[in-house]
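What follows is the residue order along each chain.
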Amino acid sequence: MRYSRFGVLALLVVAAIVLPYAVGRYTIHVIDVTIIFAILAIGMGLAMGISGQINLAQIAFFGLGSYVTAILTVQEGWGFWTASVLAILATVAVGLLVSTPALRVQSHYLGIVTLGLALAFTNWLTNTELTGGAEGISGIPVPSLPGADLSSEYLYYYLEILAFAVLLTFGQFVVRTPLGRRLRAMRDDPLAAGAMGAEVPMLRMTAFALSSVYGGLAGVLYAGLIRYVAPETFSIANMFLLLAMVIIGGRQSLVGCVVGAVGLSLVREWLVDYPTYAQIAYGSVVVLTVLFAPTGLAGLPERIRGVYRRRRPASASRAVLRPFQPYDDAGERAAAAAPALEVDGISKNFRGLTALDEVTLSVPTGEIRGIVGPNGSGKTTLFNVISGFYKPTGGDVRIDGRTLTGASSYRLAQAGVARTFQNLRLFPAMTVRENVLVALDRTRTRSIWRYAVWQPGVWLHDRALRREADAILERFGLADFAGALPPALPYGIQRRVEIARAMARSPRLLLLDEPAAGLNGDEVRQLGEIVRSIRDSGVTVVLIEHNMGLVMSLCEHVTVLAGGRIIADGTPGEVATAPQVIEAYLGDSMDDVLPAEKEVRS
Amino acid sequence: MTQTVTSTDDLVVEGLTVSYGGVRAVRSVDLTVPAGKAVGIIGANGAGKTSTLRAVMGLVPRSATTMRWGSLDLTKVPARDMVRHGVGYVPEGRHVFSGLTVEKNLLLGAYSRPWKAETKQALGEVYELFGVLGEMRGRLAGALSGGQQQMLAIGRALMCRPRLLLLDEPSMGLSPKLVGEILAVLQRLSAEGLSLLLVEQNAKLTFEATSSCLVVENGEVAMVGASEELRHDPNVRRIYLGL
Amino acid sequence: MQVFVQTLVGGISLGAIYALVAMGFSLVYRTMGLVNFAHGNVVMIGAYLASTFYLSVRLPFALAMIVAIAVTGLIGVIIERVLRPLENKDFDLMLIGTIGFGIVLDALAILIWGATGRAVPSPVRSAPLDLLGIRVRTYDLVVLAVAAAATVLLVLFLQRTKRGAAMQAVAMDHEAATAVGIHVGRSNAIAFVIGAGLAALAGGLVGPLLYVSPSMGGALGIKGFAGAILGGFGSIPGAIVGGIAIGVLDSFAAGHFQGYSELVTFIVFAVLITVRPTGIFGEKTVNRA
């Protein structure tokens, strides 16, 4: 497989080098413009497809890059390359500024803010003297390159193709390394991503910064190619054309974005005499893509493969869930000073409904605690407060003695809290290995600067993470499923993946929300072994469960919630026979249930 | 309710299976609600009770060997048409329309019928059944307490004069006193000939409100029998509390 | 002082138009959770249709508007029906789907009516009135009256009719709505059509105020959208307040900053939104969990 990939790549490289010799002046011009749009599309793909941020300002970034270059060279007399550096910096600055709402608001708000910027930008361009108004700015000097006259579009092509290659490679590098995985996790499930240590607001800004770099660079190249900038190139119509390229090509794959850019440019050229028909065409294709092929053209091969696999009964895949390999025993540890988890008078109100009422409990380090209670008793609300998904209305939460009430799930993840979810929140578009890799990554967001300056460091870090991930997958018996996507896996295996992912955080406190739900007897037994081993390795485990058999055999201490309050707190034996517990569950007292037993005893 | 809504149709379900996300929530369950009778489904959480009820209502994809209500094949009826055929549904967690008034909520219960004299009469009957709703008819449903919302949800389902009422955990989160009131309402409805299929975690309430019961565990029927007998069976407690 | 009031008054009639557009946005968002990016294009189509029926077919202005609203309502039906499989399932994809429709509508407009715009004369030919020293165009009063009437009708529909109540119920809890027999798809279609109708009304009214061109949809859409968000996305009173606020803001910006006016309006809006993302009345929409 790898050889044919290299072969194709080599062929493409040769074709790229040879191309200018085979085409005429008009065609090379079209190709040059197409490459610029391909770069823009990659930038959009990074924001929209990889990070899930709707970015409709890309055309404005494009315009900024072009116009700043134009203004600095034509009106201030700067050299082209110096001007271009400043142009890119200016674009990124605006990109970051535009994304500051991203710290607080969600996708469609971003969409409107970005679209608003695009419109305001064009309006500003057309009306200001600085930008030459509707006439634009002409006479941009040819970028100087010793030994080459870049006014030739043929030679300019080589500059562009080189830039494109670097930018595509960098884009792929980002996607396949920790930053890219965090961005994709954020796209798939921002809540779960936060719980796995991804600082979502910062990542949103990063997505915009990346997108704007590509936009600015494309703008610079455009200014150097056409050497004339005017507002109509940066219109909303072109923004939507760009969007169509990314959607049709497949926004989740950078190569798909390039395919979309090339494809639509070709269609536009073919229909150059009928631009309106072309627009109807690609508008309709966007609608069709959204309905029938949400992953775009780039996603088609996978879908075809999927259909093929479904036709032929599963013969090839003999992936097997291996047994769990227990952790090394942490041995006797001196009792820690502070309990692993302290919940102190926590209350939570939702618009008049009291979900939690002054709940207080304390879990010493190294215990397996069960939290049980009838439906609607507030168990999951309690978990959500402890793991930072809800802010309590009152009370405090202390982890290892540190007060972390109201901290975000990201900060709690950093503090050593990991959790699984009642309804399974694995990242559906990422492989099992990638799910684990995201959780393994414990670097802070600020280490992103290494991407710009010291890529080998990132590469080494990625390799180290992969080794650790393989070890974890091995331990949990998931090695065969490393490359699978979660939705394709049987439920029991997905549950195990979620636990493996949570353990990848090396947490001090593990919260399991109904880990046995949907599991059969055998799987429940295995779950019990896994949880015991996790505890033996030094992790405190708190679990919500309805499977009473599991709770009774696994937990050393059980807390019973009902109606938002604690009604019992003790060993499993004590709790199961406490009359108020029986009443809460069965609505009954002991007497009604056991008259037969009573008779026998007397 | 003054108007007789005596049901003459049996609800017969055989081989009901519900799976989502790769989980078999309900594995080949059989149940019958004879005309005019009340049947309960109890069990621990996650056992598949709610999924069973939602499957009967058509809110989740399901497959069954048989699923009929009288002579009507329910597998062919979409959820929104159930109320037209005389099946009322009280969802788990109340699900009242919180931004609308109590009266608007109730009127919407009669959505599938033209809003005229019959609706007015049904409204009066619901207010008679649940006095407190009459007092709060102009209040927003979201401002009601849990118990009041539960009554509203039941009242809303009664507006269309159903012949079969499906209830999902009506006692959830309610105080014992309110649970008693709900029980009284259910018993009264039963006495008037309404068929009931009641899903509950509260076994005691169910035994008193129904004539027969299914105990569900892990998506399967673990026990089935007359409520009077099940209420003294220690196996029920074992299924709930694991000991 | 007089200039201040004049600018204020001048901004209100455009503000009323933005309010109509904003109401359409908010209604669809509140009932379907969908941000309809084709809304602005529908406004533009409405403007073109109304002006065509008024100028070429020579219908009375009011009748031309009604026909325009009917035709755009049909467009709304088509869009909702096509995108229905995505309803309540994937909101982002649906949003992109509406962008696709917007692109098609834009091209259709150019095909049918050409790329150059047209000016629409005011249907009310009388000299501007003089109220307490402020110049008020008669047409502005017409716009305000029609917008107010439309708002009242919409509110009455939502509060007093069965279908209106059903639409609100679907927005609050679509499963419970299904359980009482409401056809969620149809209800959403009606919401969408009303939204399109409001857009067409806004478009028809705005013809004599602005130059009708294919690109007007973008500007009006954005301003209407901003108004909806400012007032609290999904709230009808919010849309009215927000729309008028944007109109007034626009008027002041144009007076002081001329060419930079859009940029200024945008910046003020962006700042307000960052400070209070849910807007004045708070966001109201379906449960997207």
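Residues numbered from 1 in each chain as written. Chains lettered and ligands numbered in written order. Predicted model: local features only at pLDDT ≥ 70, side-chain atom pairs only at ≥ 80, totals over all residues.

Our next topic: the overall build of chain A. Helix and strand counts for chain A come out as 25 helices and 14 strands. With the C-alpha coordinates of chain A rotated into their principal frame, the extents come out at 105 × 55 × 50 Å. In chain A, buried positions account for 50% of the 602 residues. Sequence-distant contacts in chain A: of pairs separated by 6 or more residues, those separated by 24 or more amount to 75%. (Helix = DSSP H or I, 4+ residues; strand = E, 2+ residues; numbered from the N terminus. Buried ≥ 20, exposed ≤ 12 C-beta atoms within 10 Å, placed from the backbone. Contact = placed C-beta atoms within 7 Å.)

Turning next to the interface of chain C and chain A. In this assembly, 34 residues from chain C lie in contact with 35 residues from chain A. Those elements that provide at least two residues to the side of chain C that touches chain A are helix 4 (91–113), helix 9 (216–231) and helix 11 (261–275) of chain C. Sort the elements by how many residues they give to the side of chain C that touches chain A and helix 4 of chain C lands first, with 15 residues. Across the side of chain C that touches chain A, the residue classes tally to 26 nonpolar, 5 polar and 3 charged. (Nonpolar A, V, L, I, M, F, W, Y, C, P; charged D, E, K, R; others polar.)

A few words on the packing of helix 2 (residues 39–55) of chain C against helix 8 (residues 184–206) of chain C. Residues and elements named next belong to chain C. Packing of helix 2 against helix 8 brings their axes to within 7 Å, and their N-to-C directions diverge by 50°. One finds that helix 2 runs oblique with respect to helix 8. Seen along the crossing, helix 2 lies across helix 8 with a hand that is right-handed. Residues His-39, Val-42, Val-43, Met-44, Ile-45, Gly-46, Ala-47 and Ala-50 of helix 2 form the contact with helix 8, whose own contacting residues are Gly-195, Ala-196, Ala-199, Ala-200, Leu-201, Ala-202, Gly-203, Gly-204 and Val-206. When its residues are assigned to classes, the contact of helix 2 with helix 8 shows 12 nonpolar, 5 polar and no charged. (Axes fitted to C-alpha atoms, helices over the stretch in contact; angles between N-to-C directions. Parallel < 35°, antiparallel > 145°, perpendicular 65-115°, else oblique. Left-handed = near helix turned anticlockwise from the far one by under 90°.)

In this section: the pairing of strand 1 (residues 11–20) of chain B. All names here are of chain B. Alignment of strand 1 against strand 2 (residues 23–33), held across 7 bridges, turns out to be antiparallel. Bridging across to strand 2, Val-18 finds its partner in Val-26. Sheet topology places strand 1 next to strand 4 (residues 66–69); 4 bridges connect them, and they run antiparallel. Bridging from a neighbouring strand, Glu-14 pairs with Thr-66 of strand 4. (Pairing = 2+ DSSP bridges.)

Once that is clear, we can look at helix 6 (residues 162–172) of chain C. Among the 11 residues that make up helix 6 of chain C, 8 are buried, leaving the element largely enclosed by the rest of the structure. When we look at burial in helix 6 of chain C, the residues that qualify are C:Ala165, C:Ala166, C:Met167, C:Gln168, C:Ala169, C:Val170, C:Ala171 and C:Met172.

Residue and element names in this part refer to chain A. Within the open sheet, the 4 strands sit side by side as 6-5-8-9. Their pairing is antiparallel. One side of each edge strand has no neighbouring strand; the edge strands of this open sheet are strand 6 (353–363) and strand 9 (402–403). Here strand 5 (residues 341–350) pairs with strand 6 via 7 bridges, running antiparallel. Across the sheet, residue Glu-342 finds its bridge partner in strand 6, namely Ser-362. Most of the contacts of helix 14 (residues 379–386) go to strand 5, to which it runs at about 115°, and overall it touches strand 5, strand 6 and strand 8 (394–399).

With respect to the helices and strands, the residue C:Leu95 is situated in helix 4. For C:Leu95, a count of 21 C-beta atoms within 10 Å puts it in the buried group.

All names here are of chain A. What the domain assignment lists for chain A is domain 1 (12–234) and domain 2 (341–601). Taken together, the contact between domain 1 and domain 2 spans 22 residues of the former and 30 residues of the latter. Those elements that provide at least two residues to the side of domain 1 that touches domain 2 are helix 6 (153–176), helix 7 (178–188), helix 8 (190–195) and helix 9 (200–226). Broken down by element, the residue count for the side of domain 1 that touches domain 2 peaks at 7 residues, all from helix 7. (Domains from an automatic or database assignment.)

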